[in-house]
Amino acid sequence: MSYYNYRTYYAASSWDRRTFLNAWWRINQHDPGWVPPYYPTLQRELNPAHNPHLARLNPIYLHLEAIQRREKASQDSINYTSAQPTAIPSPAIETPVAVALVLHDPRQPIPTLYMALPHLVNDLEPLGRLLDEISELAWQRGCRKVIAPTGISPHLKSGLLTDHWNRIPPLQTPYAPPFTPEIFNNYLHALTHTRLYHLSIPGEVPPRSREIAEIIPLQPERLSTDLLPLFDACCPQKKIFQPPDSEEAAFLIRWTGAWSQFGWLAQVDDIPVGFVLLQPDLSHLLRRYRGGRNLFWRSWLRLARKRPVSSGRLLFGGVLSDWRRKGIGTQLLEMAMRSARELNWKSLSIGPIPEDSLASFFLIHHHAAPLQSYTLYHREL
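Residue numbers run consecutively from 1 along every chain, following the written order of its sequence. Confidence filtering applies because this is a predicted model: local features only for residues at pLDDT of at least 70, side-chain atom pairs given and counted only at 80 or more, and all residues used for totals across whole chains, interfaces and linings. Only hydrogens and water are removed before side-chain values are computed, so all heavy atoms of the structure are retained for them.

We now examine the side chain of His378. Examined against the element boundaries, His378 turns out to sit in strand 13 (residues 369-380). A simple rule labels every residue: compare its accessible area, found with a 1.4 Å probe on the protein chains alone, to the largest value its type can have, and call it buried under 20%, exposed over 50%, or partly exposed in between. With relative accessibility at 14%, the residue His378 sits in the buried group. Polar contact is defined as a pair of N or O atoms within 3.5 Å, subject to the rule that within protein one atom must be able to donate a hydrogen and the other to accept it, and that residues adjacent in sequence are counted only when both atoms are side-chain atoms. Within the structure, His378 has its side chain in polar contact with the side chain of Glu380 (distance 3.4 Å). The contact rule is simple, with two residues in contact once any of their heavy atoms fall within 4.5 Å. Residue contacts for His378: discarding those within four places in its chain leaves Lys145, Val146, Ile147, Leu188, His189, Ala190 and Leu191. For helices the rule is a DSSP run of H or I covering at least 4 residues; for strands it is a run of E covering at least 2, with both sets numbered from the N terminus onward.

Another aspect to go through is the nonpolar core. With 75 residues, the main nonpolar core has Leu46, Leu101, Met115, Leu127, Leu130, Phe184 and Phe275 as its most contacted residues. Looking at this core, the element that brings in the most residues is strand 3 (residues 94-104), giving seven residues. In contact with Leu130, not counting residues within four places along its chain, are Leu62, Leu64, Ala98, Ala100, Met115 and Leu120. Each nonpolar core is a collection of buried residues, namely Ala, Val, Leu, Ile, Met, Phe, Trp, Tyr and Cys, held together in the definition by side-chain atoms within 4.5 Å. Of all hydrophobic cores here, the second largest spans 38 residues; its members include Leu199, Val309, Leu363 and Ala368.

Only rings of Phe, Tyr and Trp enter the pairing, Trp through its six-membered ring, and a pair is recorded when the two centres are within 6.5 Å. The plane angle decides the type: under 30 degrees is stacked, over 60 is edge-to-face, the rest tilted. Overall, the coordinates contain 13 aromatic pairs when judged by the stated rule. Judged by centre distance (5.4 Å) and plane angle (80°), the ring pair of Phe20 and Tyr61 falls under edge-to-face. Separated by 41 residues along the polypeptide, Phe20 in helix 1 (residues 14-28) and Tyr61 in strand 2 (residues 60-68) bring together distant segments of the chain. Each member of the pair, Phe20 as well as Tyr61, carries the same accessibility label: buried.

As a further point, take the confidence of the model for the protein. For every residue, the predictor assigns a confidence score, pLDDT, that lies between 0 and 100. Counting all residues, the mean pLDDT for the protein is 91, and 93% of those residues have values of 70 or more. Model confidence for the protein, summarised as mean pLDDT per element, is weakest for helix 4 (residues 75-82) at 44 and strongest for strand 6 (residues 160-161) at 98. Low confidence marks residues 73-90, where pLDDT is under 50. Its contacts with residues over four positions away, or in another chain, come to three contacts.

This part is about the pairing of strand 4 (residues 113-120). Of all eight residues that make up strand 4, eight are buried, and the element is covered over most of its length. By the convention used here, strands pair only if DSSP detects at least 2 bridges between them. Where strand 3 meets strand 4, six bridges bridge the pair, whose relative direction is antiparallel. For Val99, the partnering residue across the bridge sits in strand 4 and is His119. Across three bridges, the pairing between strand 4 and strand 5 (residues 145-150) is parallel. Within strand 5, the position partnered with Ala116 by the bridge is Thr150. A crossover gets the label right-handed when its path from the first strand over the helix to the second runs clockwise, viewed with the strands pointing away from the viewer. Once you follow strand 4 into helix 5 (residues 124-140) and on to strand 5, the crossover reads as right-handed.

This is the structure we're talking about:
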């Protein structure tokens, strides 16, 4: 499949942003493996007026459209067609072929652009043209590097899925169709690799380990206020991206908070030293009801989300470096497993997490299995 007559569109108004979002949605809407985000949340958070974190990243809403080139017909079909009455040729209609949200984080010490939320058709050329446009934007802004793909925050949904396309992507994890890694490898270089870990919940959760810390319920909103230093220290990609500040952390809590979420906080002498943040995995419902894009699907999704689910997500978590190797991480993981057992979850998916990190070794030690792999790419300009 190939395309011609490319045209580039930049969003300059709220109506243009709606066009951008429609183009973004159209590319993946027929992909059976895609789990769309909750549409009202996506629509709201793509508006800088409602998302201070996005506003300061100077977002550029960029999409390319082109006309699909018709495949040459075989000689037999030509002969057959010539014997039929002349048909009215179908019109050449532009279709979205590449979409991305281009972000510039002024906090990064090396000026860098992020290619966030990219969607592509199955063809090499659209990504090349998209990167040409982004390279021009990078030079205008004094940037010399592009990192892709990321989420609106690079601490959530960053990376390109490279295997296990037979599994439904868990909630809040990256997804890309099977043809995408080959296309990315033609234009960009691998930067980091992460894995998603799956932990089976036993019928009986092991007895609580030696209690070093007090484990209390976590109020997720505190992660953007007084618990922000704890959130910063436990973000798995902090070696590449700036740790979230209050505005970014508030966005992350809003985005994940579209669905019920809860967590546990570890304290030693009333000092917060670790946490876990969990929520039910509603990916199968979002896929079935297409992200609640129209009101009919949205109503069914709201009703269905109240039903029990069989798996959960551990979105963020960790222990401050000075308090590691004391059993606090094990306490938090056991509490997460105990909560999962009470909710009749059969498994927890955790991450993605850098595959060479201490967190990955910790999870493997506790019998979590690494499955889905993700690659984050970069391109020097």
